[in-house]
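Read off the chains here:
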Amino acid sequence: MGVSNLDGPDGADLNKLYVSYDEQYLYVAITTNNTASWGVVYGFGFDVKEGGYTGDTDAWDRKIGFSRGVDYEIYFWYDGGNDVIGGGNFITWTGNGWDYKDVGSVVTYDFTTGNGLQVLEMAIPWDAIGGRTSEVALIAWVAGGAKGDSAVDTVPLDPAVDGNDWTDQDVLSNFAVIEIPIPKPELTVSISSDVLNVEQWQPANITITVKNIGEVDAQNVTVELYDGDALLKSWLINVSAHSEVKLGYLYRYSDAWGVHTIKAVVDPNNEIEEANEDNNVATLDIVVGQVAERQNKLIRLGMYVWPRTYPEEYEKTKLLVENISSMSLPAKYAETVKGFELKLNESLKLFNEGKSLIYMPNYELRGALKIFSAYIRLVKLQREISEFLESLEFKKKIDGFLTDWDESSLVAQNKVGAGAGAYLDSLYVDYDDKYLYIALSTKNTESWRIAYGFALDYREGGYTGDADAWGRKIGFARGVDAEIYLYWNGPFFENPGTNTITSAELAVWNGAGWEYYKLFENAAIGYLGNDKGLQSLEMAIPWELLGGKPEKISIVAWITGANPGDSAVITIPDDPSVHDSDNEWGDMDTISTFAEVYIR
């Protein structure tokens, strides 16, 4: 805490000042640079409280004064002849004079010698200087052995001394100042609960933990527990140093639903001086009546909101189901569509049951839950339908109406006319990454029992025989890789027929024969027809059935008779082979005219 760099007299040359402390003692030590053993005195001045002595001569009548009041002095006489400390005093300023005690009766000290004092160290009880204090200012000096002498060296070095003048007047001002923390209690508080949701059947057991992490016991500590601003309970406790106290409180259900901030406060009025006053509050959020509030809200929604919104959502969902049902999807989706219809009906049934209960005493919640379940099922069904439609990813709506087809996908048109029940008009082709889309329109005015065929060429090789996949006398000038056939069951003499498509197949050439796939199970087909025959047809055929998406596809469509051995009577694009005989229903046709579609 202090150093003297003064090259002092050989037997009165101070070096350093050391200061330390613990709970019981203030420790002070000095070292010297003495090289001779002289009869001198070593003094210490302490300023530990307000006031103190500031006269011209100190307690041993040396001409030493102080710029700040000193409350205690310690003096040691050094016996130069024997090279030992020969005695000393612990001296207290009373306000009116000095009170002298033998230094050894108050202070524990020890020293080393050899050519004068070398080291001196002391343990001064705190209670000897009025108790542990937050600040100590001190200075040490060496002075002559007689009254009227003055200081010749100090630690810390004071400007009033020069090391040569033994009898001048010295007023010491350069004190070493040490800050000493005063031990205090250090209270902390935390709060916990076994549950965070309080209901009628479920109170919360709240635990408040007060800890004293300080070095001093805390007595008569107030602890308060609040619900928001409302005081719930107050305790008065004692908390020993390095210990804790746990307090319990049973927090019960109330009608004040919502989030409650529970607050624990220790020493709310700051009556206990602590090392840290910023950790005396802890909070915890508890939800009260969450289930009751939800039930109440559910009942109100069941009474006033969902009865107004459900009918509109039901009609919207019903329309979605009807649209899907009309899409003529592959048969593998039939159960899915049927499931949509069942879920729609179940939702409506639940809704009506809920409405019948919602206003009945003691059944309001049950009714609300049924209405809620009906509404949720409806919303979930809408999402399922949306996801189903997204999974299909149809570019066209496969319903038989060709309103979403335009000139950009028209690949061929009839320019030569045809029979009343076998009149092809326009052929359309479109595609996306998953499907090949084909549409056909007619100008039929009568319903005949006939078959509609399509041939597709989209890779090297293919079939070029004399009879096609359904045994008609139709061959091809180029190899075809797949054929599509649909049977229109129109009237035939006395048999009225059904005026519907009764069978449909995709035939894929594998190099040695045809592989047949039922179209209604593997593709999406939609058509319009009546007693005037087929009017329009559209199909979505998965590319995977054709072996993958090609770079180009060539296509031709035709009408042939209802039985094997028949031949084509009209094609689109128009092919010359269907105009070469008076018996076009039974001659041999070799088709060479195809529409070309490039696939990007």
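Placed above this text is the structure.
Visitor: What should I look at first to understand the overall build of the protein in this one?
Guide: Per the secondary structure count, the protein includes six helices and 36 strands. Computed over the C-alpha atoms, the radius of gyration of the protein is 55 Å, more than 25% above the 25 Å expected from 2.2 N^0.38 for a compact globule of 600 residues. For the protein, the C-alpha atoms occupy an extent of roughly 160 × 70 × 35 Å along the three principal directions. Here the protein holds 600 residues, and 49% of them are scored as buried. In the protein, once contacts between residues fewer than 6 apart in sequence are set aside, the share between residues at least 24 apart is 62%. Per element, the accessible surface of the protein, about 28000 Å² overall, is 48% carbon and sulfur. For the protein, the separation between the mean place of its 46 positive charges and that of its 91 negative charges on side chains is 14 Å.

Visitor: What exactly am I supposed to notice about the pairing of strand E12 (residues 151-155) here?
Guide: With five of five residues buried, E12 lies mostly within the body of the structure. Looking at chain direction, strand E11 (residues 135-143) and E12 are connected through four bridges and run antiparallel. Note that in E12 the partner of Ala140 across the bridge is Val155.

Visitor: Can you help me understand the sheet that holds strand E22 (residues 281-288) in this one?
Guide: Pairing between the strands of a sheet comes from backbone hydrogen bonds, and it takes one of two forms, parallel or antiparallel. Strand order in the open sheet made by the five strands is E16-E22-E21-E18-E19, with mixed pairing throughout. Each of the sheet's edge strands pairs with one partner strand only, and the pair in question is strand E16 (197-198) and strand E19 (230-239). Inspection of the sheet shows strand E18 (residues 218-227) paired to E19 by eight bridges, in the antiparallel sense. Counterpart to Asp227 in the pairing with E19 is Ala230.

Visitor: Help me understand the packing of helix H2 (residues 290-304) against helix H3 (residues 306-325), please; the structure alone is not making it clear to me.
Guide: For any two helices packed against each other, one specifies the crossing angle of their axes together with the interaxial distance. Where H2 meets H3, the axes come as close as 5 Å, and the angle between the chain directions of the two elements is 60 degrees. Considering their axes alone, H2 and H3 lie oblique with respect to each other. Between H2 and H3, the contacting residues are Leu298, Leu301, Gly302, Met303 and Tyr304 on the first element and Trp306, Pro307 and Arg308 on the second. In the contact of H2 with H3, the residues fall into six nonpolar, one polar and one charged.

Visitor: Sorry if this is basic, but what is going on with the packing of aromatic side chains here?
Guide: Any aromatic ring pair is given by two values, namely how distant the centres are and how the planes are angled relative to each other. In total, this model carries 31 aromatic pairs according to the counting rule given. Considering the side-chain rings of Phe394 and Tyr435, the 4.7 Å spacing of their centres and the 45 degrees angle between planes classify their relative orientation as tilted. One end of the pair, Phe394, is in the loop between helix H5 (364-392) and strand E23 (410-413); the other, Tyr435, is in strand E25 (residues 435-442), and 41 residues separate them in sequence. Taking relative accessible area as the criterion, Tyr435 reaches 7% and is therefore assigned buried. Judged by centre distance (6.3 Å) and plane angle (85 degrees), the rings of Trp488 and Tyr527 are edge-to-face. With Trp488 in strand E28 (residues 482-488) and Tyr527 in strand E31 (residues 524-530), the pair connects residues that are 39 residues apart, well separated along the chain. Take Trp488: its relative accessible area is 0%, and that puts it in the buried class. Residue Tyr527 is classed as partly exposed on the basis of its relative accessible area of 25%. Cluster of aromatic residues (ring-pair linked, three or more members): Trp60, Phe66, Tyr75, Trp141 and Phe175. Taking NZ or CZ as reference, Arg68 lies 5.6 Å from the ring centre of Phe175, over its face.

Visitor: Can you walk me through unusual backbone geometry in this structure?
Guide: Most peptide bonds are trans, and most residues other than glycine sit at a negative phi. Cis geometry marks the peptide bond from Val155 to Pro156; its omega dihedral reads -5 degrees. Along the chain, Pro156 falls in the loop between E12 and strand E13 (170-172). In this chain, Ile572 is followed by Pro573 through a cis amide linkage whose omega measures 5 degrees. Secondary-structure assignment places Pro573 in the loop between strand E34 (568-572) and strand E35 (589-591). Within the chain, Asp267 stands out as a residue other than glycine whose phi angle is a positive 50 degrees. With respect to the helices, strands and loops of the structure, Asp267 is situated in the loop between strand E21 (258-266) and E22. Note on Asp267: relative accessible area 3%, which makes it buried. The phi dihedral of Phe493 is positive, around 55 degrees, even though this residue is not glycine.

Visitor: Help me understand helix H4 (residues 334-357), please; the structure alone is not making it clear to me.
Guide: Count 3.6 residues to each turn of an α-helix, and residues three or four apart come out pointing the same way. In this model H4 runs 35 Å from its N-terminal to its C-terminal C-alpha over 24 residues, within 8% of the 34 Å that 1.5 Å per residue would give. Taken together, the buried positions of H4 are occupied by Val337, Gly339, Phe340, Leu344, Ser347, Leu350, Phe351, Gly354 and Leu357. Contacts from the buried residues of H4 go to H3 and H5.

Visitor: When you look at the nonpolar core in this model, what are you seeing that I'm missing?
Guide: Side chains of a nonpolar character, in soluble globular proteins, are inclined to be buried together. Counting 42 residues, the largest nonpolar core has Ile438, Phe454, Leu456, Ile484 and Met539 as the members making the most contacts within it. Leaving out residues up to four positions away in the same chain, Leu456 has contacts with Leu436, Ile438, Val480, Asp481, Ala482, Ile484, Leu546, Ile553, Ser554 and Ile555. Tyr78, Phe90, Val103 and Trp126 belong to the second-largest nonpolar core, a separate cluster that totals 37 residues.

Calculation notes
- Residue indices follow the written sequence of each chain, beginning from 1 at its first position.
- Only residues with pLDDT of at least 70 get local features here, since the model is predicted, and only at 80 or more are side-chain atom pairs given and counted; chain-wide, interface and lining totals rely on the full set of residues.
- Hydrogens and water molecules were not included; the side-chain quantities draw on all heavy atoms of the structure.
- Every helix listed is a DSSP run of H or I at least four residues long, and every strand listed is a run of E at least two residues long, numbered separately from the N terminus.
- C-alpha atoms define the radius of gyration, and 2.2 Å times the number of residues to the power 0.38 defines the globule rule.
- We call a residue buried when its accessible area falls under 20% of the maximum for its residue type, exposed when it is over 50%, and partly exposed in between, using a 1.4 Å probe and counting protein chains only.
- Contacts between residues were defined by any pair of non-hydrogen atoms, one from each residue, lying within 4.5 Å.
- The protein chains shown are the only cover counted for residues, whose accessible areas, like all others here, come from Shrake-Rupley with a 1.4 Å probe.
- Neither His nor the chain termini are counted; the positive set is Lys and Arg, and the negative set is Asp and Glu.
- Throughout, a charge is located at the NZ atom of Lys, the CZ atom of Arg, the CG atom of Asp or the CD atom of Glu.
- A strand pair is defined by DSSP finding two or more bridges across the two strands.
- To obtain an axis, a line is fitted to C-alpha atoms, over the contacting stretch when the element is a helix, and the angle between two such axes runs from 0 to 180 degrees between their N-to-C directions.
- Angular relationships are summarised with four words: roughly parallel below 35 degrees, roughly antiparallel beyond 145, roughly perpendicular across 65 to 115, and oblique for the angles in between.
- Residues are grouped as follows: Ala, Val, Leu, Ile, Met, Phe, Trp, Tyr, Cys and Pro are nonpolar; Asp, Glu, Lys and Arg are charged; all remaining types, including Gly, are polar.
- Each Phe, Tyr or Trp ring (for Trp, its six-membered ring) is paired with any other whose centre lies within 6.5 Å, and the angle between the two planes then decides the class: stacked below 30 degrees, edge-to-face above 60, tilted in between.
- A ring has a charge above it when a Lys NZ or an Arg CZ is no more than 6 Å from the ring centre and no more than 35 degrees off the ring normal.
- The span you would expect from a helix comes to 1.5 Å times its residue count less one.
- Buried Ala, Val, Leu, Ile, Met, Phe, Trp, Tyr and Cys residues that are joined via side-chain atoms within 4.5 Å together make up what is termed a nonpolar core.

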